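# An overview of the molecular structure
Here is what each chain is made of, one letter per residue.
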Amino acid sequence: MLRASAILTLIALHLALGTAASAQSTRAKGRVTDSDTGEGIPFVGVFFKGTTIGVSTDLDGYYTIETRDSSATILCASILGYETAESPVKRSSFNSIDFRLKMTTDALDAVVVKPDNRYMKWILSQIDANRHRNDPERRDAYSCDIYTKTELDLTNADEQIRNRMIRKNFGFVFDYMDTSVVSGRPYLPIMISENRSRRYHSKNPDVDREIIEASRVSGLNEENALLQFTGSMHLKTNFYNNFIDAFNIQIPSPLSPNGEVYYNYFLIDSLDIDGRKTWKIRFHPGKYVSSSVFDGEMAIDAQDFAMREMHVKLRKGANVNWIRDIVIDRTDQRVDSLWFYRQDKLYVDFSVTMNDSSKLASFIGNRQIDYLNPKLGADAQRLHANPEPPVTVFKDAGRKSDQWWDAARPYQLSEKEKNIYLMVDSIKNVPLYNNIYNLVNTFISGYFQTKYIGFGPYSSIYSFNKLEGHRFAMGLRTTADFSRKIRLTTYLAYGTKDREFKGGNTVEWMISRYPTKKLTLSARKDIRQLGRSSSAFNETNILSSLLTKKNSEKRSPVNNYSLTYERELAPWLNTSTSLQFQRIFANSYVPMLRVDSTPRPDGSSGRDTIAINSIGSNNVHFEARFSKNETVDRGVFNKSYLHTKFPIVIVDLTGSLKGIGKNEYSYFRSEMLMKYKLRLPPVGASDIRFSVGNIVGRVPYPMLKLFEGNGTYIHDRNAFSCMEFYEFAADTWTTLFWEHDFGGFFLGKIPLIKKLHWREIASLKAAYGTLTEKNNGIIGSATSADAPMLFPFGMYSLNKPYIEMSAGVSNIFRLVRVDCAWRMTHRYLELPDGVRKRSPRCFTVTIGLEMKF
């Protein structure tokens, strides 16, 4: 059985890619109001007496404040025209403190704070002019030590654990309850991670690396893949960028030179901090801004025009899923006349409901990064310029002692925090936990796991199709507890119509996780849908059976044997080399016919057709994937590519030689694919996919480029929604897939509809291809008799571009998307007798599930 709950690992991964540790700090939350009217007072300075730690209230008078400073014992609220109020606080705990301020007898008749656009434009312009000097990421070089602490908490635990049996098993966890300073909700810590690393950055050579020296995660073993995500490289909150990319959400930075498009700024105070004049500036979203924006305040050094502090919170009502709150606190420090990171905190409230008063359980993620021992400029030039990944984990990173951690932390953990590790281990020993874990893990992985064997996948146990009739299948695979080097997988399936057994066996040998070295031996006899996209929904899944379009099934029995070696040559270059032996069999839905041109006994040339039972190929396949600064999840046996801001290029080469079996063909196929996510905030982002390819040789149509059709009503962004399987083929081709998600940019401006948080999607899909005469098997063409195989009826070449366009709405109930697609070309089919017939696929509707933030 896996070492940690699957659901906790998934959420923690989002924290690492996306999320500060509240630690046992002194926290206060409340509201400042007028004692006479009861209305909230904006821009009130709330601070700990005798310190420079303070915030200002928002437009409704609310505030939150937090510190580890041991001298923070009295909280004050002060603003011109009112008497200053004080309140004692309880250290190292949560305090709910409301202030009711009395107006002074000599107060002005009216004090109105308005945004000073002209002055703020000048300040923002100066921040922009000095951006290159104050932004650490734009500096020639730096290095520093980093301590990162991440905590995952469960809110409303007391409300959820009312069952007597659950309380009997887990009642001891309530000794660890605490209260959030942001939401005021009680929470139970359920996971804590710590990380100590060294960060290197350089512009020339281009280096941006983090070496994780030590890392530990409660409940995870020392080799867990999650350790690579516990560092500081993921979700960088750099406010000097125009937009903050948080959980795939592009949020405008208050320091952007175009900040006035999104925010109203208020200069509320001028302070002396460390002997330097500092402006205190509040900012609030503009009235007509519909995109996701922040609300908060910042401290700007008036001499260097550098950010000293930033405190922001995601605006309520933003078009964001599964996240109720995001709070970011960033502090910079002056090092040798230059500004550098000091501390970065991130708070995220993951919730099914956006209602603040909901009693449903939610997860709170806190991440705090402390930057230590910074070296700038020439002192940081001793960088690792050799090709290595952005994040490297030392082999003994998970084996550091408690004494080592006590010396490595910039501050000591409280007893409650230290005991979280013990609490998690205690939970794992409760039998009820193991039962709950098995249910959750089965839902996520698709397999029901025992200690050494997994049974599944459950979604493919039953399905149906025209070729097999009712299909029943069951599979087994070994778990990581069986071996972390070898994984065995097998499955068996049976169809009631064809009365044939199918199945497959796979042996995976993970030689090395970093750099990746993996050998896979596979043998499979099953049915396949040729011409489906790589991202298509599993064809043996019950949902595929239920949502298959009428007369769209054209599956073929295929035998496939392969030996594949995956090798990571560099962080930016991953390769795969394989030997493949494949045989495709004909059936009534996918016939294989060729013209018999041998002379007849009477001397006349024959034009009869001959049925072919099967065709084969003996392939050598090579694939190279080029990417830059790509985040990779290195699991025990699988490596997943998560994201990069740069284009990805994939080169795919296949060569085949005939001579081993009957009806085999020699050819060479080459294809290049480019994928890129183009972010265009605030109007969303585009996913672009472009490919070109060519086949050299004389081959039958199953070995040509079969343009990706979609035979179901399930949305497939890498397939043509209005195209049938086997409708178009080519031996030279190019394709373009473009999809733009506006993220609610337009719908968010329409009253009532904007409350639904729907998001607009538009896409264009295009293809063009040609056929050489030797491969043109189109029925009725002049060259079909010379082709190695006749095309099925209704299969054509793409001698003019195929274009389809679609418009859709996503985020329906935060999960569903619906797209309507139209053919713009090839709306009429040319039949062999010259008759033009309107394509039945000129319009279609697809539905899909998307879980996006």
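Preceding this section is the structure that the text describes.
Residues numbered from 1 in each chain as written. Predicted model: local features only at pLDDT ≥ 70, side-chain atom pairs only at ≥ 80, totals over all residues. Heavy atoms only, no water.

## Describing the overall build of the protein chain
Test applied: For the purposes of this entry, the term helix denotes a DSSP run of H or I that reaches at least four residues, the term strand denotes a run of E that reaches at least two, and both are numbered from the N terminus. For every residue, the accessible area obtained with a 1.4 Å probe (protein chains only) is divided by the maximum for its type, and the residue is called buried under 20%, exposed over 50%, and partly exposed between those limits. Per-residue and other accessible areas were derived by the Shrake-Rupley procedure at a 1.4 Å probe size, with only the shown protein chains allowed to occlude residues.
Along the protein chain, the regular secondary structure elements total 9 helices and 49 strands. Counting the 853 residues in the protein chain, one finds 53% classified as buried. Accessible surface, the protein chain as shown: approximately 39,200 Å² in total, 57% of it carbon and sulfur.

## Description of the side chain of Thr33
Under the convention used in this document: In what follows, residue pairs with any heavy atoms lying within 4.5 Å of each other are defined as contacts.
With respect to the secondary-structure elements, Thr33 resides in strand E1 (residues 26-34). If we ignore the near neighbours within four places in the chain, the residues touching Thr33 are Gly38, Glu39, Gly40, Ile41, Phe99, Arg100 and Leu101.

## Describing the sheet that holds strand E2 (residues 45-48)
For the record, the criterion: We call two strands paired when DSSP finds no fewer than two bridges between them. All axes here are fitted lines through C-alpha atoms, helices being fitted over the stretch that makes contact, and every angle between N-to-C directions spans 0 to 180 degrees.
Spatial strand order, E3-E2-E5-E6: 4 strands in an open sheet with antiparallel pairing. Of all the strands in the sheet, just strand E3 (54-56) and strand E6 (85-88) have a single pairing partner and so form its edges. Ignoring strand direction, the axes of neighbouring strands in this sheet form an average angle of 20°. For E2 and E3, the ladder comprises 3 bridges, and the chain directions are antiparallel. By the bridge assignment for E3, Phe47 is matched with Gly54.

## Some details on empty space enclosed by the protein
Here is the rule we go by: Whether a set of points on the 1 Å grid over the protein atoms alone is a cavity depends on a 1.4 Å probe fitting there but being unable to get out, while an open set qualifies as a pocket with protein on both sides within 12 Å along at least five of seven lines; lining residues are those with an atom within 4 Å of a point. Grid points are joined across faces, edges and corners, and a volume is the space filled by probe spheres set on the points. Polar here means any residue outside two lists: the nonpolar Ala, Val, Leu, Ile, Met, Phe, Trp, Tyr, Cys and Pro, and the charged Asp, Glu, Lys and Arg; Gly therefore counts as polar.
By volume, the largest cavity amounts to about 500 Å³. Asn248, Ile249, Gln250, Gly684 and Gly743 are, among the 27 residues lining the largest cavity, the residues nearest its centre. For the lining of the largest cavity, the secondary structure elements donating two or more residues are strand E14 (249-252), strand E38 (667-679), strand E39 (685-696) and strand E42 (732-741). Residue contributions to the lining of the largest cavity peak at 3 residues, all from E42. The residue inventory of the lining of the largest cavity, partitioned by class, reads 10 nonpolar, 10 polar and 7 charged.

## Digging into a nonpolar patch on the surface
Threshold: Here a patch means residues that are over 30% exposed by relative accessible area and free of salt bridges, tied together within 9 Å if like-charged and within 5 Å if nonpolar (Val, Leu, Ile, Met, Phe, Trp, Tyr). We count a salt bridge whenever a side-chain nitrogen from Lys or Arg sits within 4 Å of a carboxyl oxygen from Asp or Glu.
A cluster of nonpolar side chains, Tyr452, Phe482, Leu488, Val507, Leu521, Tyr561, Leu563, Leu579, Phe581, Val620 and Ile660, forms an exposed patch at the surface whose accessible area comes to about 1,000 Å². As for its position among the elements, Val620 is in strand E34 (residues 614-626).

## Describing the environment of Glu773
Of note, Glu773 is situated in the loop between strand E43 (759-770) and strand E44 (796-797). Distance in space between the C-alpha atoms of Glu773 and Ala787 is 7.6 Å, their sequence separation being 14 residues.

## Some words on the side chain of Ser797
Looking at the element boundaries, Ser797 is found in strand E44. Excluding residues that lie within four positions of it along the chain, Ser797 makes contacts with Phe728, Ala729, Leu771 and Ile778.

## Points about the nonpolar core
Here is the rule: The term nonpolar core refers to a set of buried residues drawn from Ala, Val, Leu, Ile, Met, Phe, Trp, Tyr and Cys, joined through side-chain atoms within 4.5 Å.
Core analysis: the largest hydrophobic core is formed by 56 residues, its most contacted members being Phe239, Phe247, Leu255 and Phe294. Counting 37 residues, the second largest nonpolar core, distinct from the first, contains Ile584, Ile615, Met789 and Leu829.

## Quick notes on the packing of aromatic side chains
As a reminder, the rule being used: Within 6.5 Å between ring centres, the rings of Phe, Tyr and Trp (the latter by its six-membered ring) count as paired, and their orientation is classed by plane angle as stacked under 30 degrees, edge-to-face over 60, tilted in between.
Taken as a whole and judged by the stated rule, the model has 32 aromatic pairs. Relative to Phe294, the ring of Phe239 has its centre 6.2 Å away and its plane inclined at 55°; by these criteria the two rings are tilted. Residue Phe239 is located in the loop between strand E12 (207-217) and strand E13 (243-246), and its partner Phe294 is located in strand E17 (residues 294-301); the two are separated by 55 residues in the primary sequence. Within the aromatic cluster, the residues linked to one another by ring pairs are Phe243, Tyr262, Tyr263, Tyr265 and Phe283.

## Overview of the pattern of salt bridges
Close approach of charged atoms allows side chains with opposite charge to pair. The full count for this structure, using the stated rule, is 49 salt bridges. Across the pair Arg216 and Glu194 runs a salt bridge, and its minimum N-O distance is 3.3 Å. Here Arg216 is found in strand E12, whereas its partner Glu194 is found in strand E11 (residues 186-202), with 22 residues between them in sequence. Glu194 sits in the buried class, given a relative accessible area of 0%. Put simply, Lys677, Asp687, Arg717, Glu739, Asp741, Arg817, Asp819, Glu850 and Lys852 are held in one network by salt bridges that share partners.

## Observations regarding the pairing of strand E46 (residues 816-823)
Judged from the 7 bridges that link them, strand E45 (residues 802-812) and E46 form a sheet pairing that is antiparallel. Bridging across to E46, Ser806 finds its partner in Ala821. Two elements, E46 and strand E49 (residues 843-849), share 7 bridges in a ladder whose sense is antiparallel. Bridge pairing links Trp822 to Phe843 in E49.

## Examining the pairing of strand E26 (residues 469-478)
Bridging between strand E24 (residues 453-456) and E26 involves 4 bridges; their strand directions are antiparallel. Following the sheet pairing, Phe455 is matched in E26 by Leu476. When strand E25 (residues 462-465) meets E26, the two strands line up antiparallel, connected through 4 bridges. Considered in E26, the bridge of Tyr462 is made with Phe472. Adjacent in sequence and paired antiparallel, E25 and E26 are bridged by 3 residues.

## Regarding unusual backbone geometry
For the bond running from Gly456 to Pro457, omega is -5°, close enough to zero to count as cis. Among the secondary structure elements, Pro457 is positioned in the loop between E24 and E25. Of note, the amide linkage connecting Tyr514 to Pro515 takes the cis form, showing an omega dihedral of -10°. Relative to the helices and strands, Pro515 is located in the loop between strand E28 (501-512) and strand E29 (517-528). The phi angle at Asp336 is positive, at roughly 55°, despite the residue not being glycine. With respect to the helices, strands and loops of the structure, Asp336 is situated in the loop between strand E19 (323-335) and strand E20 (338-350).

## Looking at the sheet that holds E44
Strand pairs in the sheet, formed through backbone hydrogen bonds, run parallel or antiparallel to each other. In spatial order, the strands read E40-E41-E44; together these 3 strands make up an open sheet with mixed pairing. The two strands at the open ends of the sheet, each matched to only one other strand, are strand E40 (705-706) and E44.

## Some remarks on the environment of Gly709
Relative to the helices and strands, Gly709 resides in the loop between E40 and strand E41 (728-730). Sequence-distant contacts of Gly709, defined by excluding residues within four places in its chain, comprise Gly531, Ala719, Phe720, Met723, Glu724 and Phe725.

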